[in-house]
Amino acid sequence: MVSRVIPVDNFDLVIFGGTGDLARRKILPGLFRRFISGQMPEEARIIGAARSDMSVDDYRVMIRDAVHEFDPASAKHKDCLERFLGQLGYVAVDAMGEGGWKELHAEMRENTVRAFYFSVAPSLFGAIAERLKSFGLADDQSRIVVEKPFGKDLETAKKLNRSLSEHFDESQIYRIDHYLGKETVQNLMAVRFGNMLFEPLWNSQYVDHIQITVAETVGVGGRGSYYDTSGAMRDMVQNHLMQLLCLIAMEPPAKFDPDAVRDEKLKVIRALDPVEPHHIVRGQYAASEKTPSYRADVENARSFTESFIAMRCQISNWRWAGTPFYLRTGKRMKARTSEIAVVFKDAPHSIFGPEAGYHRNVLSIRLQPNEGMTLGVTIKEPGPGGMRLVDVPLDMTFAEALGPDAEEVPDAYERLIMDVIRGNQTLFMRGDEVEAAWRWTDPIIEGWQRRNDVPKEYDTGSTGPDDALMLMHRDGRRWREIKE
Ligand code: NAP
């Protein structure tokens, strides 16, 4: 199969926080991979901006090291890497002050797509947005890219949105949720809306329940002080799991265009019922022989913040009334895996009798570690011996059918940055979606605070607290296995 990489238009991309962890680990290595693929034009320019005083040469050395450290496979393309580094610039700019802005302005070219990536703390977003306008760096065609966290509750999210919308139109604001950039997440939409097969079954009449699991094996690491003020609900559920739930549950948009898709996602969030306290389980990981407890990691012996959450959600609309959505995410769990599972109902009657065995159809959409999609289908076990049924996975990733192209799919950041340059907002969150998600999340968190809710301890390397298993058992269901 012939590669279908379509180069994007020429661009100037300024990365505020260009020396930070996210820029070095994800953004610049991602851009380099797009450069290798031929998608990033040779005339495009990337300008790092941060307070540190350094020369362009020093910045290039920093980014060369970052590519070697975070993407050793790409770093082997030595000539390519040197050409890519040649397209990098650096300007020392203080987001909160006046220094460096004129120099940055002098670097920008006319008639080129201008994008500004805010890879800095959200407290700097408003100041940068304001200066981009007052120093004349941004015009009506420019784009700004912002990273999570988008607030810590509805009030702060609204404030953040206001600080951006004072200077930029919503059509210029790209709020990144990298889960939406994953190949499989987009494939989910292709499978749902590109086939006749699934959509008629995609409702409470045929779907028993849906499970969304995002399990990590790592602890909070060096992010302890941030994480302890956030917890799994704010850090994962309000954004990533919510976005996955929306894509699974939304009505077919009339077109695959940014507002049509985001309108449908918004309707899902608005149709979510408040969650009853007994439908939520919170947990904190305990120490193991080799690893510290959550409380030791965040250096807060009295922390009541959750590193695990499991919950049963309900969407009150015609399509989903009666089909629960179970969400689960946590740190220091048994394996690193992200999966959405659509579990279909039992066939109404088995003509083969109980001895043949019976298996429910499950559509499994794996986001990591091996992105892919499988549909569990019941067939006859081969060979003599009567009619015995087995469950076999129908692999819908089609890696072989699509050939080498399928193996070289861009990672989420690469794809999303290219979408910014193309001006396509479909896979970015709109301000009203973010606010609606907080409107649903806030009462849940306030309820814990009111009740002084204490998270249950769970073993490192487990599937979370036992109460999370009970959440499903009570409904006569069980979680899917967490495995790599
Ligand atoms: P970081 O490593 O602390 O980097 C912060 C960057 O901002 C540095 O380049 C710093 O350089 C620059 N900076 C700080 N104050 C500045 C100012 N007044 N003016 C101009 N530049 C300034 O942070 P990070 O991990 O890269 O995270 C950046 C943002 O992405 C944060 O909002 C974070 O929540 C979000 N995020 C990060 C990750 C991740 O994996 N790291 C994942 C998701 C979201 P100087 O000190 O030289 O100014």
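A quick note: this is a predicted structure, and the numbers were derived from the prediction, not measured.

Participant: What is the right way to look at the sheet that holds strand β6 (residues 173–175) in this model?
Facilitator: Pairing between the strands of a sheet comes from backbone hydrogen bonds, and it takes one of two forms, parallel or antiparallel. The strand order across the open sheet built from six strands is β3-β2-β1-β4-β5-β6, with neighbouring strands paired in parallel fashion. One side of each edge strand has no neighbouring strand; the edge strands of this open sheet are β3 (88–92) and β6. Going across the sheet, the axis of each strand differs from the next one's by a mean of 20 degrees, ignoring polarity. Pairing of strand β1 (residues 11–16) with strand β2 (residues 45–50) involves five bridges; the strand directions are parallel. What sits directly across from V14, in β2, is I47. Running over the sheet, helix α6 (residues 125–134) touches β1, β4 (113–118) and β5 (143–146) and is turned about 160 degrees from β4.

Participant: How should I be thinking about the environment of W202 in this particular structure?
Facilitator: Tracing the backbone shows W202 in the loop between α8 (183–194) and β7 (207–215). Judged by its relative accessible area of 0%, W202 is buried. Taking the C-alpha atoms as reference points, W202 and V146, separated by 56 residues in sequence, lie 33 Å from one another. In this view, W202 contacts L188, R192, V207, I248, R319, W320, V342 and L363; residues no more than four positions away in its chain are not counted.

Participant: How do you make sense of the environment of V342 when you look at a structure like this?
Facilitator: Following the sequence through the fold, V342 ends up in strand β11 (residues 337–344). The class for V342 is buried, based on a relative accessible area of 0%. The spatial distance from the C-alpha of V342 to the C-alpha of L363 is 5.0 Å, given a sequence separation of 21 residues. Filtering out sequence-adjacent residues up to four positions away, V342 remains in contact with W202, V207, H209, I210, I248, N361, V362, L363 and I365.

Reading the values: the criteria
- Residues numbered from 1 in each chain as written.
- Predicted model: local features only at pLDDT ≥ 70, side-chain atom pairs only at ≥ 80, totals over all residues.
- Heavy atoms only, no water.
- Pairing = 2+ DSSP bridges.
- Helix = DSSP H or I, 4+ residues; strand = E, 2+ residues; numbered from the N terminus.
- Axes fitted to C-alpha atoms, helices over the stretch in contact; angles between N-to-C directions.
- Contact = heavy atoms within 4.5 Å.
- Buried < 20%, exposed > 50% of the residue type's maximum accessible area, 1.4 Å probe, protein only.

Limitation: the analysis is restricted to geometry and does not speak to function.
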